[in-house]
Amino acid sequence: MKDRNFQEAEKIFSRVLDIDPHSGSAYLGRLMINRRVSTIEELEYQTDPMSSESDYQHAIEYGEPKIKKTLRDYEKNIIVANRKKAVKFIQERLVDITISAKQMRDQILNEQNEINTLSGVMAERQKLVENDAKALASMQLARYIVLAVHLLLWAPSTMRYLINGDMLSVIINVVVLVLIWKFLIGKFIATFVQKIVGKVKGKVDDLTLAQAVTEINHAQQSITEKTNAIAYVQTEVGVLEQQMERLKNDREKIADRLSLVAHQNMAEEFGRIVG
């Protein structure tokens with residue numbers, strides 16, 4: 001062991017255990033070999049707990065009282081030191097989780113601000129579309145009014161011919177009325193009146209209207225995506241908050257559990273504990 005010839009030493013300890021399965025010294029020797037130390041004093045400076053190893057357990061069970069006490073003292077010191085590392089590790093994780101939760105809340109706030117901006121844009125564009133629809137309705141009404149005036153102007157003569165029984169004149173009158181509407185009043189006067197009404201009522205050009213509709217659809221899609229993203233992030237924040245609450249409430253218990261594992265395995269064990 002002093003020469004650190006662990007391979008040969010292990011063979012000797014195995015032969016000793018074949019002769020005496022209750023040799024505490026042989027189990028102690030195998031424990032030292034597993035730890036790659038040549039003196040028992042070096043076990044005091046180990047960083048990983050030994051109590052889970054069978055050689056340690058058998059050395060405690062079959063060893064001399066002085067050796068038992070020494071090993072227990074070493075193990076206690078290792079666990080105490082490991083627990084300090086575990087407490088520090090938990091605190092670091094709490095800080096990491098707190099930072100992550102804050103970043104997620106900031107993300108939610110940013111997404112919500114963007115939703116509010118998109119909602120404002122969509123409301124403006126929707127108002128533009130609604131005003132355009134009202135303007136179209138007013139323009140159509142103006143056309144009907146022009147048509148009604150046109151009909152009223154021709155109604156007296158048409159009624160007079162009708163009363164006198166002059167059907168030919170009625171037919172001619174109606175034909176002329178339709179032709180004048182189709183090629184003059186309806187085509188020029190009514191259209192001109194519609195344009196004036198449309199301008200007064202805020203009618204927008206087709207390109208602007210199409211662009212407004214496109215922006216409304218894009219805003220709706222973006223709002224849906226951002227709303228879904230917020231819901232997902234809120235779920236993740238909830239998970240982090242549960243982890244933080246559990247860590248704060250069970251910090252001592254978790255530190256006790258982590259103190260019994262190797263420092264390099266703390267992250268893995270921590271993941272199993274908190275999920």
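The rules behind the values
- Residues numbered from 1 in each chain as written.
- Predicted model: local features only at pLDDT ≥ 70, side-chain atom pairs only at ≥ 80, totals over all residues.
- Heavy atoms only, no water.
- Helix = DSSP H or I, 4+ residues; strand = E, 2+ residues; numbered from the N terminus.
- Rg over C-alpha atoms; globule rule 2.2 N^0.38 Å.
- Phe/Tyr/Trp six-rings, centres within 6.5 Å; stacked < 30°, edge-to-face > 60°.
- Buried < 20%, exposed > 50% of the residue type's maximum accessible area, 1.4 Å probe, protein only.
- Lys NZ or Arg CZ within 6 Å of the ring centre and 35° of its normal.
- Patch = residues over 30% accessible without salt bridge, like charges linked within 9 Å, V, L, I, M, F, W, Y side chains within 5 Å.
- Areas by Shrake-Rupley, 256 points an atom, 1.4 Å probe, with all protein chains shown as cover.
- Salt bridge = Lys/Arg side-chain N within 4 Å of Asp/Glu carboxyl O.
- Core = buried A, V, L, I, M, F, W, Y, C linked by side-chain atoms within 4.5 Å.
- Contact = heavy atoms within 4.5 Å.
- Axes fitted to C-alpha atoms, helices over the stretch in contact; angles between N-to-C directions.
- Parallel < 35°, antiparallel > 145°, perpendicular 65-115°, else oblique.
- Left-handed = near helix turned anticlockwise from the far one by under 90°.
- Nonpolar A, V, L, I, M, F, W, Y, C, P; charged D, E, K, R; others polar.
- Expected span 1.5 Å × (residues − 1).
- Arc of directions from axis to C-beta.

**Things to note about the overall build of the chain**
Alright, step 1. A tally of regular secondary structure across the chain gives eight helices and zero strands.
Alright, step 2. Written out in order from the N terminus, the α and β elements of the chain read α-α-α-α-α-α-α-α.
Alright, step 3. For 275 residues, the compact-globule formula gives about 19 Å, and the C-alpha radius of gyration of the chain, at 46 Å, lies well above that figure.
Alright, step 4. Summarising its shape, the C-alpha atoms of the chain cover approximately 145 × 30 × 30 Å along the three principal directions.

**Thoughts on the packing of aromatic side chains**
Alright, step 1. For the structure on display, the rule yields two aromatic pairs.
Alright, step 2. Considering the side-chain rings of Phe89 and Phe270, the 5.5 Å spacing of their centres and the 80° angle between planes classify their relative orientation as edge-to-face. Highlighted residues: Phe89 in helix H4 (residues 65-164) and Phe270 in helix H8 (residues 266-274), separated in sequence by 181 residues.
Alright, step 3. For Phe89, a relative accessible area of 13% gives the class buried.
Alright, step 4. Taking NZ or CZ as reference, Arg160 lies 5.7 Å from the ring centre of Tyr161, over its face.

**Re a nonpolar patch on the surface**
Alright, step 1. On the surface, Leu141, Tyr144, Ile145, Val149 and Leu153 cluster together into a nonpolar patch covering about 530 Å² of accessible area.
Alright, step 2. Tracing the backbone shows Val149 in helix H4.
Alright, step 3. A relative accessible area of 42% means that Val149 is categorised as partly exposed.

**Structural notes on the nonpolar core**
Alright, step 1. Leu28, Leu31, Leu43, Met50 and Leu71 are the most contacted members of the largest nonpolar core, which totals 20 residues.
Alright, step 2. At the level of secondary structure, the elements contributing two or more residues to this core comprise helix H1 (6-19), helix H2 (24-34), helix H3 (54-62) and H4.
Alright, step 3. Each residue touching Met50, except ones within four places of it in the same chain, is listed here: Leu31, Arg35, Leu43, Tyr56, Leu71, Tyr74, Glu75 and Ile78.
Alright, step 4. In this structure, Ile97, Ala101, Leu240 and Leu247 belong to the second largest nonpolar core, which totals 17 residues.

**Here we look at the packing of H1 against H2**
Alright, step 1. Relative to each other, H1 and H2 sit at 155°, their axes nearing to 9 Å. It follows that H1 is roughly antiparallel to H2 by the angle criterion. Between H1 and H2 lies a crossing of left-handed hand. Facing H1, whose interface residues are Phe6, Ala9, Glu10, Phe13, Ser14, Val16 and Leu17, H2 presents Ser25, Ala26, Tyr27, Gly29, Arg30 and Ile33.
Alright, step 2. A breakdown of the residues in the contact of H1 with H2 according to their chemical character gives eight nonpolar, three polar and two charged.

**Thoughts on the packing of helix H6 (residues 206-249) against H8**
Alright, step 1. Relative orientation of the contacting elements H6 and H8 amounts to 105°, with a least axis distance of 11 Å. Between H6 and H8, the crossing angle belongs to the class labelled roughly perpendicular. For the pair H6 and H8, contact is made by Gln243, Arg246 and Leu247 and by Phe270, Ile273 and Val274, respectively.
Alright, step 2. Broken down by class, the residue content of the contact of H6 with H8 amounts to four nonpolar, one polar and one charged.

**What to know about the pattern of salt bridges**
Alright, step 1. Going through the model one piece at a time under the given rule, you end up with 17 salt bridges.
Alright, step 2. Across the pair Asp55 and Arg30 runs a salt bridge whose closest N-O atoms are separated by 3.1 Å. Residue Asp55 is located in helix H3, and its partner Arg30 is located in helix H2; the two are separated by 25 residues in the primary sequence.
Alright, step 3. A relative accessible area of 6% places Asp55 in the buried class.
Alright, step 4. Here Arg272 makes a salt bridge to Glu269, at a shortest N to O gap of 2.5 Å.

**What about the environment of Tyr232?**
Alright, step 1. Following the sequence through the fold, Tyr232 ends up in helix H6.
Alright, step 2. Distance from Tyr232 to Ile108, taken between C-alpha atoms, is 9.8 Å for residues 124 residues apart in sequence.

**Some thoughts on H1**
Alright, step 1. A rise of 1.5 Å per residue sets the reference length of H1, with its 14 residues, at 20 Å; its end C-alpha atoms lie 20 Å apart and thus fit the reference within 8%.
Alright, step 2. The set of residues buried in H1 consists of Phe6, Ala9, Phe13 and Leu17. Angular distribution of buried residues about the axis of H1 spans 75°; they occupy a single face of the element. Turned more than 90 degrees off the buried face of H1, the exposed positions are Gln7, Arg15, Asp18 and Ile19.
Alright, step 3. In the core, the buried residues of H1 are packed alongside H2.

**Examining the side chain of Asp132**
Alright, step 1. Along the polypeptide, Asp132 turns up in helix H4.
Alright, step 2. Excluding anything up to four places from it in sequence, Asp132 contacts Lys203, Val204 and Leu209.

It is worth stressing that arrangement in space is one thing and function is another; only the former is reported here.
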